[in-house]
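# Secondary and tertiary structure notes
So the chains spell out like this:
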Amino acid sequence: MSAGPYSEQTTWTADISKMLLQPSESVTIAFHKISGDTHILNFLSAATLKILAKGDENFATAFPKILDEIQMTEHDCPASLVKRTILELDELGLVIPVETKA
Amino acid sequence: MKNEFQRLGDYHREDIDVALRSGSLEMELGPFSMRLEGREADIVDFLFDAYRDAPVRLKLGDVTDVAINVRPPNIIRKYIRRQVIADPGFIVPAVPLPPYLSPLAFEMGLNLAIALKCCRFTTFHSAVVGNERGAILISAHSGGGKSTLASALMVEGYRLFSDEFGLLDMETGMLHPYPRPVSLKEKSIDIVREFTGEKWLTKTFGGTPKGDIAYRRVRPSDIQLSKTPMAAKLILFPVFQEDTPPSVRELSKSETIMKLIPSSTNYHLLGTASFEALIKMVAGAQTFEITYGNTQDSLEITRDLAAKAGL
Amino acid sequence: MTDKNKKTDLFLEQRRDLLKLGAAGMPMVLTLRASAQEAVISQLRCTITIPSKFKILVDDTGAAWVGSGKLRTDKKTGNLKDKDVKNFKHDASYIFPHDSVSASYRPDACEYETCDESGGSGDHDDLLSHLTDENGTYAMNDYLAGSGEDDGHDHSCDDDGHAQDSHGHSIITNAPCGYAVYEYSRSQIISPGDYVTQGGDWNLSGDDGLYLELSLKYIDENGVNGHWPGVSCVISILNYMGH
């Protein structure tokens, strides 16, 4: 799912200056200037992008911030889903890992 | 004699033939000037039949947007079991066809040239018609009924922008006309003949890669207005399902974009400007998926939706 | 990006539903790519419409005869009439030599009943199984039995020209054997592009597959200039595939 190797300590970042983000009804349409690809982000992936654009986060630190952003509980949105969403965004080049600790 | 554009049908056949053979025939439609070359008499017949109202001149201007040469695929096929292909100046998997189908090669070649090499507009595989208030973009795969619906809407008074391309201006977000003959396949030929009348159809070409094909001619008024773009007011995705009762589903903006991007031949190449123009076009239009079982149903639905969209 | 003011019950419920789908594996991001190949791929979308009803008669050597003549079954034996087979071959519009048809479309060769206790060849169930697709939708009639065709062989094992295999299946000995007949109705539409794999190869199956297989043989021999229905469509795909 990810574009490369990662660990639980990997921190991730998003550079939204490289994107055009267009909220549209319940989704966000994201045009990635680097790849030329257009992505449709749902509320979870859009919130994930927003949190990682504010500052570098690993899975553990990003998780509560994302839950707060989407106003959902861990019961509704398990950590595994947030992790998978970050890896999806990484695969698409919308977020990138900035540091990997052994 | 001045090298000015004039109606193709007003030229002598010999003049068109000579210019076509020498590759100096230039046609101008909408935003494109096209350099045309070919040696087949069938193409000359076709030009006088399907393009008789199009402006052409016999000597080239400085620049043309598109160049099409309908020629044999190789020296052998020039003489033995003769075939032709349309060469747009770059490598495409052209279909070798017998000479009597050279008009078809000509049309397919022009389509490929615009689809794959036009970078001035974001191109969508769709039909577009319009009136003085706005345009209707009809997006469907081959066989989805866009040509038939476009032909029906022409009878309703809409002008033809294009049967094959939505040309989206990346600065204005408006659609530009490129009125070429409407390609009709198989059963749609008789359907369109019924409501358009025989005089607007070319002869039918049989045995083509897509079955029987005939063309609905472009009207002089479509050509006269071919430099007047309009904003899309209505975007339709027709789905033909035989014997299905008609139904309409309004689409969200994001779903519309999801459907339009894969139908573009150059969106990915054109970057930010293309994205912004697409967002602009979709924001200004109402979009629907219409499911229908016959042309009358699709026409009635479109009439209704067009009225609601202010067309 | 998130409107925190929209926390209606329905709104939250919709979000929860979406998260459930996400937990079940649905991607949270949808990526769209323009298809620069759209115009080119349209070449794959051509279809072949069978202009008039016709049949393809295939024998066990892989030879085929294409025509519209009668191929009736004998009411008594349930097998092809010898005279019809002869006439069909004689009047065929197209004839393809041995090995034109791949093994999956060929009937078993004639085998003759030896009338021993172990039963004969020609188990009907087995023969049918390889001639029916997974959907069971073939409009195919197969006429398969061990018999003497028109070669003068006579392998009758009982008075009425029938032998029984160990399962009680009838082995016809006085009718043409080793033939399969594939029937195509008028206006039947074949979409050759459906049989092109993502890797750009043919993956032929079913009745349509046989038709396309013979189309390819025909093109090898005649190029685009013949009259085989749909030849241009198949050539356009061959060109797309770079053949």
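Everything below is about the structure printed above this text.
Scope of this entry: the structure provided in the associated data block.

Thresholds applied
- Residues numbered from 1 in each chain as written.
- Chains lettered and ligands numbered in written order.
- Predicted model: local features only at pLDDT ≥ 70, side-chain atom pairs only at ≥ 80, totals over all residues.
- Helix = DSSP H or I, 4+ residues; strand = E, 2+ residues; numbered from the N terminus.
- Buried ≥ 20, exposed ≤ 12 C-beta atoms within 10 Å, placed from the backbone.
- Contact = placed C-beta atoms within 7 Å.
- Nonpolar A, V, L, I, M, F, W, Y, C, P; charged D, E, K, R; others polar.
- Pairing = 2+ DSSP bridges.
- Core = buried A, V, L, I, M, F, W, Y, C linked by C-beta atoms within 7 Å.
- Domains from an automatic or database assignment.
- Arc of directions from axis to C-beta.
- Axes fitted to C-alpha atoms, helices over the stretch in contact; angles between N-to-C directions.
- Parallel < 35°, antiparallel > 145°, perpendicular 65-115°, else oblique.
- Left-handed = near helix turned anticlockwise from the far one by under 90°.

Moving on, we get to the overall build of chain B. Summing up its helical and strand segments, chain B has eleven helices and 17 strands in all. The buried share of chain B, taken over its 311 residues, is 52%.

This brings us to the overall build of chain C. Helices and strands together make up the secondary structure of chain C, namely six helices and ten strands. Within chain C, the fraction of its 243 residues that count as buried is 35%.

With that settled, consider the interface of chain C and chain A. Taken residue by residue, the interface counts 17 residues in chain C and 26 residues in chain A. If you list the elements that add at least two residues to the side of chain C that touches chain A, you get α1 (9-23) and β1 (29-32) of chain C. A breakdown of the residues in the side of chain C that touches chain A according to their chemical character gives nine nonpolar, three polar and five charged. Direction of pairing for strand β4 (residues 38-41) of chain A relative to β1(C): antiparallel, over a ladder of four bridges. Paired with Thr38(A) across the bridge in β1(C) is Leu32(C).

Core analysis: the biggest nonpolar cluster contains 124 residues, and Ala105(B), Val129(B) and Ile136(B) have the highest contact counts within it. Looking at this core, the element that brings in the most residues is helix α4 (residues 102-117) of chain B, giving nine residues. If you count residues domain by domain, this core takes at least three from each of domain 1 (6-117) and domain 2 (121-308) of chain B. Counting 34 residues, the second largest nonpolar core, distinct from the first, contains Phe54(C), Leu57(C), Tyr179(C) and Ala180(C).

Here the focus is helix α6 (residues 187-196) of chain B. Residues and elements named next belong to chain B. Among the residues of α6, Ser188, Ile189 and Val192 are the ones counted as buried. For α6, the buried positions fall inside an angular range of 105 degrees around the axis, keeping them on one side. Contact partners of the buried residues in α6: α5 (146-155), β12 (182-185) and β14 (211-216).

Take the environment of Ser298(B) next. Residues and elements named next belong to chain B. Position of Ser298 among the secondary structure elements: in helix α11 (residues 295-308). Overall, Ser298 belongs to the buried group, with 25 C-beta atoms counted inside 10 Å. For the pair formed by Ser298 and Pro246, sequence separation is 52 residues and the distance between their alpha carbons is 7.4 Å. Residues contacting Ser298, with those up to four places away along its chain left out, are Gly145, Leu149, Pro238, Ile290 and Tyr292.

Residue and element names in this part refer to chain A. The N-to-C vectors of helix α1 (residues 43-54) and helix α2 (residues 59-70) enclose an angle of 125 degrees; their axes lie 9 Å apart at closest approach. Comparing their axes, α2 and α1 come out oblique. Judged by the sense of rotation from one axis to the other, the crossing of α1 with α2 is right-handed. Of the residues in α2, those in contact with Phe43, Leu44, Ala47, Thr48, Lys50, Ile51 and Leu52 of α1 are Ala62, Lys65, Ile66, Glu69 and Ile70. Looking at the contact of α1 with α2 residue by residue, the classes come out as eight nonpolar, one polar and three charged.

Among the ten residues that make up α5(B), nine are buried, leaving the element largely enclosed by the rest of the structure. With its phi angle positive at about 115 degrees, Gly157(B) sits one or two positions after the end of α5(B).

Another aspect to go through is the sheet that holds β12(B). Residues and elements named next belong to chain B. Read across the sheet, three strands follow the order β12-β14-β13 without closing on themselves; strand pairing throughout is antiparallel. Strand pairing shows two members of the sheet lacking a second neighbour, β12 and β13 (205-208), which therefore form its edges. Going across the sheet, the axis of each strand differs from the next one's by a mean of 35 degrees, ignoring polarity. Sheet analysis places β13 next to β14, joined by two bridges and oriented antiparallel. From the neighbouring strand, Thr208 faces β14, where its bridge partner is Gly211.

Let's shift gears to unusual backbone geometry. Residues and elements named next belong to chain A. Backbone geometry places Glu25, a non-glycine residue, at a positive phi of 55 degrees. For Glu25, a count of 10 C-beta atoms within 10 Å corresponds to the exposed category. The backbone of Gln71 shows a phi angle near 60 degrees, a positive value even though the residue is not glycine. On the secondary structure map, Gln71 appears in the loop between α2 and α3 (79-91). A residue is classified by how many C-beta atoms lie within 10 Å of it, and Gln71, with 17 of them, is partly exposed.

Residues and elements named next belong to chain B. Between helix α8 (residues 253-260) and helix α10 (residues 272-283), the least distance of the axes is 10 Å, while the angle of their chain directions is 130 degrees. Considering the angle they form, α8 stands oblique to α10. α10 is crossed by α8, and the crossing has right-handed handedness. Two secondary-structure elements touch here, α8 through Lys253, Thr256, Ile257 and Leu260 and α10 through Leu278, Val282 and Ala283. Here the residues of the contact of α8 with α10 sort into five nonpolar, one polar and one charged.

Residues and elements named next belong to chain B. Taken together, the six strands give an open sheet; going across it, the order is β1-β4-β2-β3-β5-β6, and neighbouring strands pair in mixed fashion. Bordering the open sheet on either side are β1 (6-7) and β6 (85-87), each of which pairs with just one other strand. Relative to strand β4 (residues 55-57), β1 runs antiparallel, the two being bridged by two bridges. Note on β4: the bridge partner recorded for Arg7 is Pro55. On the sheet, α4 packs against β3 (32-38), β5 (66-71) and β6 and is oriented at approximately 150 degrees with respect to β5.

Here the focus is the pairing of β3(B). Regular strands have side chains that alternate between both faces of the sheet. Residues and elements named next belong to chain B. In terms of burial, β3 is a largely internal element, five of the seven residues being buried. Looking at chain direction, strand β2 (residues 25-29) and β3 are connected through five bridges and run antiparallel. The residue of β3 that forms the bridge with Glu28 is Ser33. Counted between consecutive antiparallel strands, the loop separating β2 from β3 contains two residues, among which Gly30 sits at a positive phi close to 55 degrees. Inspection of the sheet shows β3 paired to β5 by five bridges, in the parallel sense. Of the residues in β5, the one forming a bridge with Gly38 is Val70.

Attention shifts here to the environment of Ser185(C). Residues and elements named next belong to chain C. Relative to the elements of secondary structure, Ser185 occurs in the loop between β9 (179-184) and β10 (189-190). The class of Ser185 is exposed, set by 10 C-beta atoms lying within 10 Å. Counting along the chain gives 136 residues from Ser185 to Thr49, while the straight-line C-alpha distance between them is 9.7 Å.

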